[in-house]
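The primary structure of each chain is shown beneath.
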Amino acid sequence: MDAFIRDIPKAELHIHIEGSLEPELMFALAQRNNISLPYSSVDAVRAAYQFENLQSFLDLYYAGAAVLQTEQDFYDLTWAYLERCAAQNVRHTEIFFDPQTHTERGIPFETVHTGIYRALEDAKQQWGITSYLILCFLRHLSAESAMATLEQALPFKSTIPTVGLDSSELGHPPVKFQQVFDRARAEGFLTVAHAGEEGPAEYIWEAIRLLEVSRIDHGVRCVEDPQLVDYLVQRQIPLTVCPLSNVRLCVFDSIQQHNLKHLLDLGLCVTVNSDDPAYFGGYITENFEAVQSALHLSHQDIYQLVKNSFTAAFLPSDEKQARLDELDQFMASVT
Ligand code: ADE
Ligand code: ZN
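The structure reproduced in this document is the subject of the present report. (Residues numbered from 1 in each chain as written. Chains lettered and ligands numbered in written order. Predicted model: local features only at pLDDT ≥ 70, side-chain atom pairs only at ≥ 80, totals over all residues. Heavy atoms only, no water.)

## Concerning the pairing of strand S5 (residues 190–195)
Next, step 1: Counting buried positions over the six residues of S5 gives five, a clear majority of the element.
Next, step 2: Note: strand S4 (residues 162–166) against S5, two bridges, orientation parallel. Paired with Val-163 across the two strands is Thr-191, which belongs to S5.
Next, step 3: Between the parallel elements S4 and S5, the chain passes through helix H9 (residues 178–186) in a crossover that is right-handed. (Buried < 20%, exposed > 50% of the residue type's maximum accessible area, 1.4 Å probe, protein only. Helix = DSSP H or I, 4+ residues; strand = E, 2+ residues; numbered from the N terminus. Pairing = 2+ DSSP bridges. Right-handed = clockwise from strand over helix to strand, strands pointing away.)

Right under this line is the structure:
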């Protein structure tokens with residue numbers, strides 16, 4: 001089973017690039033940029049990763065991101081994630097980035113974008129890994145700040161097909177960003193949003209009705225509203241679920257309590273993702289391994305989850321079909 005999970009060609013649809021900053025790279029970048037960290041060692045950083053909820057994680061996550069200063073830093077961060085993708089047979093990845101985390105510190109939007117994007121281009125050349133960028137607005141900041149960020153992104157529109165919504169969910173419902181998302185869709189962006197991670201099922205409805213999202217990020221609290229579940233099943237609106245994240249952020253008490261298998265059995269288009277792998281104890285393969293053993297997933301379940309992620313990807317239909325064919329060839333080769 002472990003080899004099957006490692007080798008099956010995968011897509012990842014929910015990964016925050018800032019959340020892939022491993023403590024080793026955090027230290028290296030701090031040194032390179034003459035920044036002092038409030039930790040004595042890499043082990044001390046890891047020891048600090050004990051979270052009670054989403055906010056307690058976000059506080060450390062934003063602090064860690066302060067070591068990212070130059071275009072090369074963003075390149076190195078992204079390249080390190082893509083090396084993991086190559087090792088774990090991730091064939092396609094859709095990556096969130098949080099420009100406001102950096103522009104608020106005086107780092108130009110272009111520095112962030114160019115560093116990340118160059119690494120994506122190089123990974124396509126080197127390994128054939130395809131990727132899309134998703135610009136996330138920070139929901140704890142104002143709608144005006146989000147709108148200004150959208151305007152900064154317009155010159156780079158051809159390389160950022162989608163916008164999303166992340167950060168502190170409770171108290172910042174999707175409706176707060178309705179006008180920003182109206183403008184984004186008018187400019188041709190697709191939309192996604194984090195909803196139903198800590199927030200209620202109602203936030204998922206808002207994301208669908210007001211932001212017209214193509215996918216819901218997390219969405220595990222949809223089960224609290226049977227009508228919503230029916231709607232998500234009928235339309236096959238994908239949920240990008242992040243099991244290890246949900247346990248680390250206390251959305252579920254343990255991986256055994258996670259509702260992924262239940263969501264799958266309900267016929268929802270669920271996918272498995274890592275969210276912030278450097279903070280939550282694993283990349284996509286470790287997420288699959290954890291849910292497989294805790295929830296007793298079969299080979300067929302793993303196949304369905306992986307197939308869902310290619311189906312839910314924003315790839316053009318010919319490329320999507322090529323990835324699905326590659327997946328079916330893999331299945332034929334192992335059965
Ligand atoms: N930003 C990074 N990870 C996040 C998460 N799990 N939820 C909301 N915002 C985030
Ligand atoms: Zn996330």
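## Here we look at the state of the cysteines
Next, step 1: One pass over the structure, following the stated rule, counts zero disulfides.
Next, step 2: Free cysteine Cys-222: the closest other cysteine sulfur is in Cys-269, separated by 12 Å.
Next, step 3: Residue classification places Cys-222 among the buried positions, given a relative accessible area of 0%. (Disulfide = S-S within 2.5 Å.)

## Focus on empty space enclosed by the protein
Next, step 1: Under the counting rule described, the total for this entry stands at two cavities of 30 Å³ or more.
Next, step 2: A volume near 110 Å³ is recorded for the largest cavity.
Next, step 3: Along the wall of the largest cavity there are 16 residues; nearest its centre are His-16, Leu-54, Phe-57, Leu-58 and Ser-167.
Next, step 4: It is helix H4 (residues 54–64) that contributes the most residues to the lining of the largest cavity, five residues altogether. (1 Å grid on protein atoms, 1.4 Å probe; cavity = no way out; pocket = protein on both sides within 12 Å on 5 of 7 lines; lining within 4 Å. Points joined across faces, edges and corners; volume = space filled by probe spheres on them.)

## Thoughts on unusual backbone geometry
Next, step 1: Of note in the backbone geometry, Asn-89 takes a positive phi value of approximately 60° without being a glycine.
Next, step 2: Inspection of the secondary structure puts Asn-89 in the loop between helix H5 (71–87) and strand S2 (90–97).
Next, step 3: The backbone phi angle of His-218 is positive, close to 75°, even though this residue is not glycine.
Next, step 4: Assignment of secondary structure puts His-218 in strand S6 (residues 215–218).

## A few points about the coordination of the zinc ion (ligand 2)
Next, step 1: Note on the zinc ion (ligand 2): its protein donors are His-14 (NE2), His-16 (NE2), His-194 (NE2) and Asp-275 (OD). The metal-donor distances range over 2.0 to 2.2 Å.
Next, step 2: Geometry at the zinc ion (ligand 2) is irregular, judged from the four donor atoms that bind it and their angles of 84 to 174° at the metal.
Next, step 3: We note that the donor set of the zinc ion (ligand 2) lies within a single chain, spaced as H-x1-H-x177-H-x80-D. Separated by 178 residues along the polypeptide, His-16 in strand S1 (residues 10–16) and His-194 in strand S5 bring together distant segments of the chain. (Donors = N, O, S within 2.8 Å, 3.2 Å for Na, K, Ca; no water. Tetrahedral: all angles 85-135°; square planar, octahedral: opposite > 155°, others 65-115°.)

## Observations regarding the environment of Ala-278
Next, step 1: Checked against the element boundaries, Ala-278 lands in helix H14 (residues 277–280).
Next, step 2: By relative accessible area, Ala-278 is classed as buried at 7%.
Next, step 3: Along the backbone, Ala-278 and Gln-329 are 51 residues apart, and their C-alpha atoms lie at a distance of 31 Å.
Next, step 4: Ignoring anything within four residues of it in the chain, the contact list for Ala-278 reads Gly-19, Ser-20, Leu-21, Glu-22, Tyr-49 and Tyr-283. (Contact = heavy atoms within 4.5 Å.)

## Points about the site of ligand 1
Next, step 1: Around ligand 1, a shell composed of His-16, Leu-54, Phe-57, Leu-58, Tyr-61, Asp-166, Ser-167, His-194, Glu-197, His-218, Asp-275 and Asp-276 is seen.
Next, step 2: Glu-197 is positioned with one of its side-chain polar atoms (N or O) 2.8 Å from a nitrogen atom of ligand 1.
Next, step 3: His-218 has a polar side-chain atom sitting 3.5 Å from a nitrogen atom of ligand 1.
Next, step 4: Considered on its own, ligand 1 offers 260 Å² of accessible surface; in the complex 100% of this is hidden by protein.
Next, step 5: One can see that ligand 1 is located within the largest cavity. (Near = heavy atom within 4 Å. Polar contact = N/O pair within 3.5 Å; in protein donor to acceptor, adjacent residues only side chain to side chain. Areas by Shrake-Rupley, 256 points an atom, 1.4 Å probe, with all protein chains shown as cover. Sits in = over half its atoms within 2 Å of the grid points.)

## Side note on H5
Next, step 1: Between its first and last C-alpha atoms H5 spans 25 Å; for 17 residues at 1.5 Å apiece the expected length is 24 Å, and the two agree.
Next, step 2: Regarding H5, the residues found buried are Asp-73, Phe-74, Tyr-75, Leu-77, Thr-78, Trp-79, Tyr-81, Leu-82 and Cys-85.
Next, step 3: In this structure, the buried residues of H5 make contact with S1, helix H2 (23–32), S2, helix H6 (99–103) and helix H7 (109–127). (Expected span 1.5 Å × (residues − 1).)

## What about the layout of surface pockets?
Next, step 1: Counted as a void, the largest pocket has a volume near 230 Å³.
Next, step 2: In this structure, the largest pocket is lined by 15 residues; those nearest its centre are Tyr-117, Glu-121, Lys-124, Ser-131 and Tyr-132.
Next, step 3: Looking at the lining of the largest pocket, the elements with two or more residues in it are H7 and strand S3 (130–138).
Next, step 4: Taken together, the residues that form the lining of the largest pocket break down as seven nonpolar, five polar and three charged. (Nonpolar A, V, L, I, M, F, W, Y, C, P; charged D, E, K, R; others polar.)

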